[in-house]
Amino acid sequence: MFKRRVVRSVLSFVLLSLVLVNGAFSYDLPLGLNLGFTTFLDGAPPAGPGFYFTQYVQYITADQLNDADGNDMNLPGTELEAWVSLTQLLYQSDQTLLLGAKWGMDLIVPYVSANLEYDINNPFFPDANNAGFGDILVGPYLQWDPIMGKNGPIFMHRIEFQMLLPTGKYNADKELNPGSNVFSFNPYWSGTLFIMPQWTASLRVHYLWNAENDEPNRLLYGGASDSQAGQAIHLNFASAYEVISPMLRLGVNGYYLKQITDSEVDGNSIDDSKESVFAIGPGAVLSFSKGSHLFFNLYFETDAENRPEGSRFNVRYVHHF
(Lines give C-alpha, C1' and ligand atoms only; values in the text may rest on other atoms or scores of the structure.)
Protein backbone atom coordinates (compact mmCIF):
# COMPACT_ATOMS: atom_id res chain seq x y z
CA MET A 1 0.00 0.00 0.00
CA PHE A 2 2.73 2.48 0.98
CA LYS A 3 4.79 1.63 -2.09
CA ARG A 4 1.83 2.11 -4.44
CA ARG A 5 1.03 5.45 -2.85
CA VAL A 6 4.63 6.65 -3.09
CA VAL A 7 4.99 5.56 -6.73
CA ARG A 8 1.69 7.21 -7.69
CA SER A 9 2.72 10.42 -5.94
CA VAL A 10 6.14 10.49 -7.54
CA LEU A 11 4.71 9.91 -11.00
CA SER A 12 2.29 12.79 -10.51
CA PHE A 13 5.11 15.01 -9.27
CA VAL A 14 7.43 14.22 -12.16
CA LEU A 15 4.74 14.50 -14.78
CA LEU A 16 3.31 17.80 -13.66
CA SER A 17 5.59 19.56 -11.24
CA LEU A 18 9.15 19.75 -12.41
CA VAL A 19 9.07 23.37 -13.41
CA LEU A 20 10.88 24.71 -10.39
CA VAL A 21 11.83 28.22 -11.36
CA ASN A 22 11.35 30.06 -14.58
CA GLY A 23 10.90 26.55 -15.88
CA ALA A 24 14.53 25.99 -15.05
CA PHE A 25 14.15 22.25 -14.48
CA SER A 26 11.29 20.98 -16.47
CA TYR A 27 9.85 17.87 -17.93
CA ASP A 28 6.23 18.55 -18.71
CA LEU A 29 6.18 22.33 -18.77
CA PRO A 30 9.07 24.01 -20.58
CA LEU A 31 12.10 25.98 -19.60
CA GLY A 32 11.69 29.74 -19.51
CA LEU A 33 8.58 30.03 -17.38
CA ASN A 34 8.75 33.44 -15.72
CA LEU A 35 7.50 33.00 -12.17
CA GLY A 36 8.49 36.09 -10.23
CA PHE A 37 11.58 37.14 -12.12
CA THR A 38 10.08 40.43 -13.36
CA THR A 39 8.10 42.69 -11.03
CA PHE A 40 8.14 46.44 -10.41
CA LEU A 41 8.12 49.04 -13.21
CA ASP A 42 7.90 46.23 -15.78
CA GLY A 43 6.06 48.18 -18.47
CA ALA A 44 9.20 49.66 -20.09
CA PRO A 45 13.00 49.59 -19.90
CA PRO A 46 13.93 52.12 -17.20
CA ALA A 47 16.16 54.43 -19.26
CA GLY A 48 14.74 54.49 -22.78
CA PRO A 49 16.46 53.31 -25.98
CA GLY A 50 19.80 51.51 -25.93
CA PHE A 51 21.44 48.32 -24.70
CA TYR A 52 20.63 46.73 -21.33
CA PHE A 53 22.35 44.02 -19.31
CA THR A 54 20.36 42.19 -16.64
CA GLN A 55 21.51 39.46 -14.28
CA TYR A 56 18.98 37.40 -12.31
CA VAL A 57 19.70 34.96 -9.49
CA GLN A 58 16.84 33.02 -7.91
CA TYR A 59 16.97 30.56 -5.02
CA ILE A 60 14.15 28.03 -4.55
CA THR A 61 13.46 25.72 -1.65
CA ALA A 62 10.58 23.28 -1.08
CA ASP A 63 9.84 20.38 1.23
CA GLN A 64 6.25 19.78 0.13
CA LEU A 65 5.05 18.10 -3.08
CA ASN A 66 1.32 18.55 -3.72
CA ASP A 67 -1.09 16.31 -5.63
CA ALA A 68 -3.89 17.30 -8.03
CA ASP A 69 -6.12 18.27 -5.09
CA GLY A 70 -3.47 20.50 -3.53
CA ASN A 71 -2.67 18.07 -0.70
CA ASP A 72 0.84 17.32 0.52
CA MET A 73 1.91 13.88 -0.79
CA ASN A 74 4.18 13.39 2.26
CA LEU A 75 7.12 11.83 0.45
CA PRO A 76 9.65 10.96 3.19
CA GLY A 77 12.17 13.71 3.84
CA THR A 78 11.72 15.62 0.57
CA GLU A 79 14.23 18.45 0.38
CA LEU A 80 14.58 20.48 -2.80
CA GLU A 81 17.02 23.34 -3.33
CA ALA A 82 17.65 25.02 -6.68
CA TRP A 83 19.69 27.95 -7.98
CA VAL A 84 18.88 29.60 -11.29
CA SER A 85 20.99 32.24 -13.02
CA LEU A 86 19.61 34.17 -16.01
CA THR A 87 21.83 36.43 -18.08
CA GLN A 88 19.83 38.82 -20.26
CA LEU A 89 20.87 41.13 -23.08
CA LEU A 90 18.21 43.52 -24.38
CA TYR A 91 18.19 46.16 -27.09
CA GLN A 92 15.53 48.87 -27.21
CA SER A 93 15.52 50.77 -30.50
CA ASP A 94 14.39 54.35 -31.08
CA GLN A 95 12.75 53.42 -34.39
CA THR A 96 8.97 53.26 -34.73
CA LEU A 97 7.93 50.01 -36.42
CA LEU A 98 4.21 49.23 -35.99
CA LEU A 99 1.16 50.94 -34.47
CA GLY A 100 3.37 53.65 -33.00
CA ALA A 101 5.54 51.14 -31.11
CA LYS A 102 9.33 50.88 -31.22
CA TRP A 103 10.95 47.52 -31.82
CA GLY A 104 13.32 45.72 -29.50
CA MET A 105 15.07 42.36 -29.04
CA ASP A 106 15.46 40.21 -25.93
CA LEU A 107 17.96 37.36 -25.36
CA ILE A 108 18.20 35.27 -22.15
CA VAL A 109 20.64 32.46 -21.36
CA PRO A 110 19.84 30.40 -18.20
CA TYR A 111 22.14 28.29 -16.06
CA VAL A 112 20.62 25.87 -13.55
CA SER A 113 21.80 23.84 -10.55
CA ALA A 114 19.60 21.79 -8.20
CA ASN A 115 19.73 19.27 -5.39
CA LEU A 116 16.86 16.87 -4.57
CA GLU A 117 17.12 14.55 -1.57
CA TYR A 118 14.91 12.11 0.37
CA ASP A 119 15.17 10.19 3.62
CA ILE A 120 15.04 6.88 1.71
CA ASN A 121 16.49 5.64 -1.57
CA ASN A 122 13.97 4.58 -4.19
CA PRO A 123 14.59 3.98 -7.94
CA PHE A 124 11.14 5.41 -8.71
CA PHE A 125 11.99 8.77 -7.17
CA PRO A 126 12.98 11.65 -9.49
CA ASP A 127 16.66 11.93 -10.34
CA ALA A 128 18.49 15.17 -11.14
CA ASN A 129 20.75 15.86 -14.07
CA ASN A 130 23.97 17.74 -13.40
CA ALA A 131 24.06 21.53 -13.52
CA GLY A 132 24.13 23.06 -16.99
CA PHE A 133 22.80 25.63 -19.40
CA GLY A 134 19.06 25.78 -20.02
CA ASP A 135 17.06 26.61 -23.15
CA ILE A 136 17.88 29.95 -24.74
CA LEU A 137 15.05 32.49 -24.89
CA VAL A 138 14.72 34.87 -27.86
CA GLY A 139 12.00 37.52 -27.94
CA PRO A 140 11.34 40.33 -30.44
CA TYR A 141 9.02 42.93 -28.91
CA LEU A 142 7.13 46.18 -29.45
CA GLN A 143 7.47 48.95 -26.85
CA TRP A 144 5.13 51.94 -26.74
CA ASP A 145 6.30 55.31 -25.45
CA PRO A 146 4.91 56.25 -22.02
CA ILE A 147 1.60 58.11 -21.90
CA MET A 148 2.52 61.32 -20.10
CA GLY A 149 0.57 63.50 -17.67
CA LYS A 150 1.20 66.79 -15.89
CA ASN A 151 3.38 65.15 -13.24
CA GLY A 152 5.13 62.53 -15.32
CA PRO A 153 4.28 59.17 -16.90
CA ILE A 154 0.81 57.68 -16.45
CA PHE A 155 1.03 54.37 -18.29
CA MET A 156 3.60 52.36 -20.29
CA HIS A 157 3.35 48.93 -21.92
CA ARG A 158 4.70 46.45 -24.49
CA ILE A 159 4.12 43.06 -26.07
CA GLU A 160 6.84 40.45 -26.61
CA PHE A 161 6.82 37.29 -28.72
CA GLN A 162 9.07 35.03 -26.66
CA MET A 163 10.36 31.76 -28.07
CA LEU A 164 12.15 29.06 -26.06
CA LEU A 165 14.64 27.11 -28.16
CA PRO A 166 15.53 23.50 -27.15
CA THR A 167 19.25 24.18 -26.67
CA GLY A 168 19.60 23.23 -23.00
CA LYS A 169 21.07 20.16 -21.34
CA TYR A 170 18.58 17.29 -21.38
CA ASN A 171 18.64 13.58 -20.55
CA ALA A 172 15.52 11.42 -20.91
CA ASP A 173 16.84 9.22 -18.06
CA LYS A 174 16.63 12.17 -15.65
CA GLU A 175 13.55 13.94 -14.33
CA LEU A 176 15.25 17.22 -13.40
CA ASN A 177 16.88 18.78 -16.45
CA PRO A 178 18.20 22.29 -17.22
CA GLY A 179 16.63 21.95 -20.70
CA SER A 180 13.15 20.83 -21.74
CA ASN A 181 13.88 19.34 -25.21
CA VAL A 182 10.90 21.18 -26.73
CA PHE A 183 10.19 24.41 -28.58
CA SER A 184 7.77 26.67 -26.72
CA PHE A 185 5.99 29.91 -27.61
CA ASN A 186 5.44 32.16 -24.60
CA PRO A 187 4.23 35.65 -25.66
CA TYR A 188 3.23 38.23 -23.08
CA TRP A 189 1.78 41.69 -22.50
CA SER A 190 3.26 43.86 -19.75
CA GLY A 191 2.10 47.22 -18.41
CA THR A 192 2.80 49.66 -15.58
CA LEU A 193 0.24 52.16 -14.27
CA PHE A 194 1.37 55.21 -12.30
CA ILE A 195 -1.47 55.63 -9.80
CA MET A 196 0.46 58.67 -8.65
CA PRO A 197 4.12 59.58 -9.35
CA GLN A 198 5.26 57.69 -6.24
CA TRP A 199 2.89 54.71 -6.49
CA THR A 200 2.94 52.18 -9.34
CA ALA A 201 1.21 48.92 -10.21
CA SER A 202 2.58 46.45 -12.79
CA LEU A 203 1.19 43.37 -14.49
CA ARG A 204 2.71 40.85 -16.94
CA VAL A 205 0.47 38.17 -18.50
CA HIS A 206 1.92 35.21 -20.45
CA TYR A 207 0.31 32.57 -22.65
CA LEU A 208 2.27 29.32 -23.04
CA TRP A 209 2.17 26.77 -25.88
CA ASN A 210 4.52 23.77 -26.07
CA ALA A 211 5.56 21.51 -28.93
CA GLU A 212 5.96 17.73 -28.57
CA ASN A 213 8.90 16.16 -26.78
CA ASP A 214 10.21 13.33 -28.99
CA GLU A 215 12.39 11.89 -26.19
CA PRO A 216 9.92 11.28 -23.34
CA ASN A 217 11.15 10.66 -19.83
CA ARG A 218 12.07 7.03 -19.02
CA LEU A 219 10.22 6.94 -15.68
CA LEU A 220 6.94 8.39 -16.87
CA TYR A 221 6.73 7.48 -20.51
CA GLY A 222 8.56 4.21 -21.02
CA GLY A 223 7.70 2.99 -24.53
CA ALA A 224 5.94 6.23 -25.54
CA SER A 225 6.88 8.01 -28.76
CA ASP A 226 6.21 11.54 -27.54
CA SER A 227 4.72 13.71 -24.83
CA GLN A 228 3.33 17.23 -24.89
CA ALA A 229 2.90 19.63 -21.99
CA GLY A 230 -0.44 21.41 -21.66
CA GLN A 231 -1.04 25.06 -22.43
CA ALA A 232 -0.91 27.51 -19.53
CA ILE A 233 -1.49 31.08 -18.42
CA HIS A 234 0.94 32.64 -15.96
CA LEU A 235 1.29 36.18 -14.69
CA ASN A 236 3.42 38.38 -12.44
CA PHE A 237 1.96 41.29 -10.48
CA ALA A 238 3.55 43.98 -8.31
CA SER A 239 2.87 47.32 -6.67
CA ALA A 240 5.42 49.63 -5.06
CA TYR A 241 5.62 53.02 -3.37
CA GLU A 242 8.60 55.36 -3.56
CA VAL A 243 9.58 55.90 0.07
CA ILE A 244 12.92 57.63 -0.63
CA SER A 245 13.00 59.58 -3.88
CA PRO A 246 14.50 58.55 -6.23
CA MET A 247 16.41 55.78 -4.46
CA LEU A 248 14.03 53.29 -2.84
CA ARG A 249 10.67 51.73 -3.63
CA LEU A 250 9.01 49.18 -1.34
CA GLY A 251 6.07 47.02 -2.24
CA VAL A 252 4.39 43.68 -2.73
CA ASN A 253 4.93 41.19 -5.57
CA GLY A 254 3.52 37.84 -6.64
CA TYR A 255 2.78 35.36 -9.40
CA TYR A 256 0.07 32.95 -10.51
CA LEU A 257 0.25 29.90 -12.78
CA LYS A 258 -2.71 27.97 -14.19
CA GLN A 259 -2.41 25.14 -16.70
CA ILE A 260 -5.52 25.31 -18.91
CA THR A 261 -5.26 22.10 -20.98
CA ASP A 262 -4.21 18.58 -20.02
CA SER A 263 -0.79 17.22 -20.88
CA GLU A 264 -0.69 14.44 -23.50
CA VAL A 265 1.24 11.22 -24.14
CA ASP A 266 1.15 9.79 -27.68
CA GLY A 267 -1.74 12.16 -28.38
CA ASN A 268 -3.84 10.98 -25.42
CA SER A 269 -4.85 13.42 -22.69
CA ILE A 270 -3.77 12.71 -19.10
CA ASP A 271 -6.56 13.24 -16.57
CA ASP A 272 -5.88 15.50 -13.57
CA SER A 273 -2.62 16.71 -15.12
CA LYS A 274 -3.16 20.46 -14.77
CA GLU A 275 -0.96 22.35 -12.37
CA SER A 276 -1.38 25.68 -10.62
CA VAL A 277 0.24 27.80 -7.91
CA PHE A 278 -0.14 31.22 -6.32
CA ALA A 279 2.63 33.17 -4.55
CA ILE A 280 2.96 36.55 -2.86
CA GLY A 281 5.54 38.37 -0.76
CA PRO A 282 7.47 41.63 -0.18
CA GLY A 283 9.87 43.33 -2.57
CA ALA A 284 12.06 46.39 -3.06
CA VAL A 285 13.91 48.37 -5.75
CA LEU A 286 17.14 50.26 -5.15
CA SER A 287 17.93 52.83 -7.87
CA PHE A 288 21.57 53.92 -8.04
CA SER A 289 20.94 56.05 -11.14
CA LYS A 290 18.41 56.28 -13.99
CA GLY A 291 20.12 53.33 -15.70
CA SER A 292 21.19 51.14 -12.78
CA HIS A 293 18.73 49.29 -10.51
CA LEU A 294 18.72 46.39 -8.03
CA PHE A 295 15.50 44.42 -7.37
CA PHE A 296 14.78 42.14 -4.39
CA ASN A 297 11.75 39.81 -4.35
CA LEU A 298 10.61 37.20 -1.84
CA TYR A 299 7.73 34.79 -2.53
CA PHE A 300 5.76 32.34 -0.40
CA GLU A 301 3.77 29.81 -2.41
CA THR A 302 0.31 28.48 -1.60
CA ASP A 303 -2.52 26.50 -3.25
CA ALA A 304 -0.06 24.49 -5.35
CA GLU A 305 -1.54 21.61 -7.36
CA ASN A 306 0.59 18.96 -9.07
CA ARG A 307 3.82 20.76 -8.22
CA PRO A 308 6.15 21.62 -5.32
CA GLU A 309 5.09 24.26 -2.81
CA GLY A 310 7.79 26.34 -1.13
CA SER A 311 9.45 29.75 -1.30
CA ARG A 312 11.67 31.72 -3.65
CA PHE A 313 14.12 34.60 -3.27
CA ASN A 314 15.03 36.63 -6.33
CA VAL A 315 17.75 39.24 -6.95
CA ARG A 316 17.90 41.15 -10.23
CA TYR A 317 20.41 43.77 -11.40
CA VAL A 318 19.64 45.97 -14.42
CA HIS A 319 22.15 48.26 -16.15
CA HIS A 320 21.64 50.55 -19.14
CA PHE A 321 24.65 51.33 -21.32
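Enquirer: How do you make sense of the overall build of the protein chain when you look at a structure like this?
Expert: Helix and strand counts for the protein chain come out as one helix and 20 strands. Within the span of the protein chain, comprising 321 residues, buried residues form 52% of the whole. The contacts in the protein chain between residues at least 6 apart in sequence include a share of 67% that link residues at least 24 apart.

Enquirer: Just to check I follow, could you spell out the packing of aromatic side chains for this structure?
Expert: For any pair of aromatic rings, the description consists of the separation of the ring centres together with the inter-plane angle of the planes. A complete count under the given rule lists eight aromatic pairs for this structure. Measuring from centroid to centroid gives 4.6 Å for Phe 51 and Tyr 91, while their planes differ by 45°, and the two rings are tilted. With Phe 51 in strand 1 (residues 50–65) and Tyr 91 in strand 2 (residues 79–98), the pair connects residues that are 40 residues apart, well separated along the chain. On the accessibility criterion, Phe 51 (51% relative accessible area) is exposed.

Enquirer: Before we go on, may I ask you to explain the pairing of strand 2 in this structure?
Expert: As a general feature of sheets, a regular strand has side chains that alternate between the two faces. Across 13 bridges, strand 1 lies against strand 2 in antiparallel orientation. Looking at the pairing, Gln 55 lines up with Thr 87 of strand 2. By the bridge criterion, 16 bridges tie strand 2 to strand 3 (residues 101–117) in an arrangement that is antiparallel. In the sheet register, Gln 88 faces strand 3, and the bridge partner there is Ile 108. Taking the residues between adjacent antiparallel strands as the criterion, strand 2 and strand 3 are bridged by two residues, where Leu 99 takes a positive phi near 55°.

Enquirer: Which parts of the structure should I look at to understand the side chain of Arg 158?
Expert: Counting through the fold element by element, Arg 158 comes out in strand 7 (residues 152–160). Given the relative accessible area of 8%, Arg 158 is considered buried. In terms of polar contacts, Arg 158 uses its side chain to reach the backbone carbonyl oxygen of Asp 42, at 2.7 Å. Among residues more than four places away in sequence, those in contact with Arg 158 are Asp 42, Gly 43, Ala 44, Tyr 141, Leu 142, Gln 143, Trp 144, Tyr 188, Trp 189, Ser 190 and Arg 204.

Enquirer: What is the right way to read the environment of Leu 35 from this model?
Expert: Along the chain, Leu 35 turns up in the loop between helix 1 (2–17) and strand 1. We classify Leu 35 as buried; its relative accessible area is 0%.

Enquirer: Please clarify how the pattern of salt bridges should be interpreted in this entry.
Expert: Pairs can form between side chains of opposite charge whenever their charged atoms are close. One pass over the full model with this rule turns up seven salt bridges. Across the pair Arg 249 and Glu 242 runs a salt bridge, and its minimum N-O distance is 3.7 Å. Arg 312 is the salt-bridge partner of Glu 301, the closest N and O atoms lying 3.2 Å from each other. With a gap of 11 residues between them, Glu 301 in strand 19 (residues 292–305) and Arg 312 in strand 20 (residues 308–320) connect regions that are remote in the sequence. On the basis of relative accessible area, Arg 312 is assigned to the buried category, the value being 1%. If you follow the salt bridges from partner to partner, you end up with Asp 42, Arg 158 and Arg 204 in one network.

How each quantity is defined
Each chain has its residues counted from 1, running along the sequence as written. Where totals are concerned, whole chains, interfaces and linings use all residues; where local detail is concerned, this predicted model gives features only for residues with pLDDT of at least 70, and gives and counts side-chain atom pairs only at 80 or more. Excluding hydrogens and water, the side-chain figures rest on all heavy atoms present in the structure. By the criteria applied, helices consist of DSSP H or I runs no shorter than four residues and strands consist of E runs no shorter than two, each listed in order from the N terminus. Note on classification: 1.4 Å probe, protein chains only; a residue is buried when its accessible area is under 20% of the maximum for its type, exposed when over 50%, partly exposed between these limits. The contact definition used throughout considers only heavy atoms, calling two residues in contact when any of these lie within 4.5 Å. Side-chain rings of Phe, Tyr and Trp (the six-membered ring for Trp) are treated as a pair once their centres are within 6.5 Å; stacked means planes under 30 degrees apart, edge-to-face means over 60, and tilted covers the remaining angles. Strand pairing is assigned whenever DSSP detects at least two bridges linking the two strands. Two N or O atoms form a polar contact when they lie within 3.5 Å of each other; inside protein one atom must be a possible hydrogen donor and the other a possible acceptor, and for residues adjacent in sequence the pair counts only when both atoms belong to side chains. By definition, a salt bridge exists where a carboxyl oxygen of Asp or Glu is found within 4 Å of a side-chain nitrogen of Lys or Arg.

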